[in-house]
Amino acid sequence: DEDNRDFEADQVVRICQLTIDKWEGDSEAEDALITLIKFMVRQKKLDEAKKYLAMVKPDSALRGEAEITTGQAMWSTYLKGLQEVRKWESGDEPLPAGVDLAARKAELDQVKQEAQATLKNGIDRMREKEIDKTLATAVLSLCQIYVDAEQAQDAIDLLEDPDIGALTLVQKKHEAMQREGVPEETYKTALRSYIGALPGATDKQALIAKAESAMDALNSTVGTDADGQEKLIGIYVTLAADVKEQIKLASPTSRKALTQGFATFLDKVSATSNDFTVLNWVAENFYTLGEANDPGAGEPPADVKAFYDKAAQQYKK
């Protein structure tokens, strides 16, 4: 029961703390700190995990593992909080009494920044070690953070890193990236990265080619049967929602450039494919671009209406 769980948790913390106090600076104390960090992450006590992380020496061989574990927990906390905020903003769930939405969003943004810094430090320390699922997952998470933070080129650089890149490892069919859903999530992140980098790219056609290659790989990964295509549509819909949110959160200058870049990509895909699933996704995304840029009062501006018109044309096609 809950009392027993609390007692067991207290015992774990007490034993580890005794070990840290008795063998401070020794390997036994470091092992105890790592145990406490992982335990606090499982208990969803992020502040406690961060406290113990700060106690791990910067030159410790275990520091990288500790940073990755804590950074992953921060990222998971951010994603869960972001889902709540989106439900409150959409009206799917009522805003709880006493919750300041703006303050909550600022708090989550701080968590995201901490997750980025912590994961980057951990990955840099672990780069030369053997690649396992912990490191591979951390790399993918950091790529996703870069995309959300409007650092698309940083995401691409890490995705395509020849040694530890998430996309590189998936393409090599590395065992660390063969868990269910991971290849699909990697290709989706790659697509978002290529789209996000389009506005500032000097060679837009090269990026579009990479995005198309990622789409082809995603299609092959999920399969061509009915179940696979249904899964693909689900991925495309969530990708459209992610891009819409990315556009909404971008600065005015970045928003315009990101919208134009994404529209260029959609036009290219539309012109080179007659596949129903792809055309449906293109239509969904043109509609998404309209929604993301629609001020919502009266007749939409001409550029926004053009996106709605393109969506209608694609659905008809």
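Heads up: these notes are all about the structure in this document.

The number of helices and strands found in the chain is 14 helices and zero strands. Each helix (α) and strand (β) of the chain, taken in turn from the N terminus, gives the series α-α-α-α-α-α-α-α-α-α-α-α-α-α. Along the longest, intermediate and shortest principal axes, the C-alpha atoms of the chain span 70 × 50 × 40 Å. Expressed as a percentage of the 317 residues in the chain, the buried residues total 44%. A separation of at least 24 residues holds for 59% of the contacts in the chain among residues at least 6 apart in sequence. Accessible area for the chain stands at about 16,700 Å²; split by element, carbon and sulfur atoms hold 49% of it. Distance between charge centres in the chain, computed from 39 positive and 56 negative side chains, equals 2 Å.

Our next topic: the pattern of salt bridges. Under the criterion given, the structure shown has 16 salt bridges. Linking Lys120 and Asp124 is a salt bridge whose minimum nitrogen-to-oxygen distance equals 3.0 Å. Linking Lys120 with Asp124, this pair stays in helix α5 (residues 101-126), spanning four residues, or about one helical turn. Residue classification places Asp124 among the partly exposed residues on the basis of a relative accessible area of 39%. We note a salt bridge from Glu160 to Lys210, for which the minimum N-O separation is 3.1 Å. Within this pair, whereas Glu160 is found in the loop between α7 (152-159) and α8 (166-171), its partner Lys210 is found in helix α10 (residues 204-222), the two being separated by 50 residues in sequence. Its relative accessible area of 31% is what places Glu160 among the partly exposed residues. Accessibility expressed as a relative area gives 35% for Lys210, which makes it partly exposed.

Relative to the elements of secondary structure, Ala176 occurs in the loop between α8 and α9 (182-197). Relative accessible area serves as the criterion here: at 4%, Ala176 is assigned to the buried category. Sequence separation between Ala176 and Thr134 is 42 residues, and the spatial gap between their C-alpha atoms is 8.1 Å. Contact partners of Ala176, with chain neighbours within four places excluded, come to Ile131, Asp132, Lys133 and Ala136.

Cut-offs and rules
Residues numbered from 1 in each chain as written. Predicted model: local features only at pLDDT ≥ 70, side-chain atom pairs only at ≥ 80, totals over all residues. Heavy atoms only, no water. Helix = DSSP H or I, 4+ residues; strand = E, 2+ residues; numbered from the N terminus. Buried < 20%, exposed > 50% of the residue type's maximum accessible area, 1.4 Å probe, protein only. Contact = heavy atoms within 4.5 Å. Areas by Shrake-Rupley, 256 points an atom, 1.4 Å probe, with all protein chains shown as cover. Lys, Arg positive; Asp, Glu negative; His and termini not counted. Charge placed at Lys NZ, Arg CZ, Asp CG, Glu CD. Salt bridge = Lys/Arg side-chain N within 4 Å of Asp/Glu carboxyl O.

Fair warning: the whole summary comes from geometry, so function is off the table for now.
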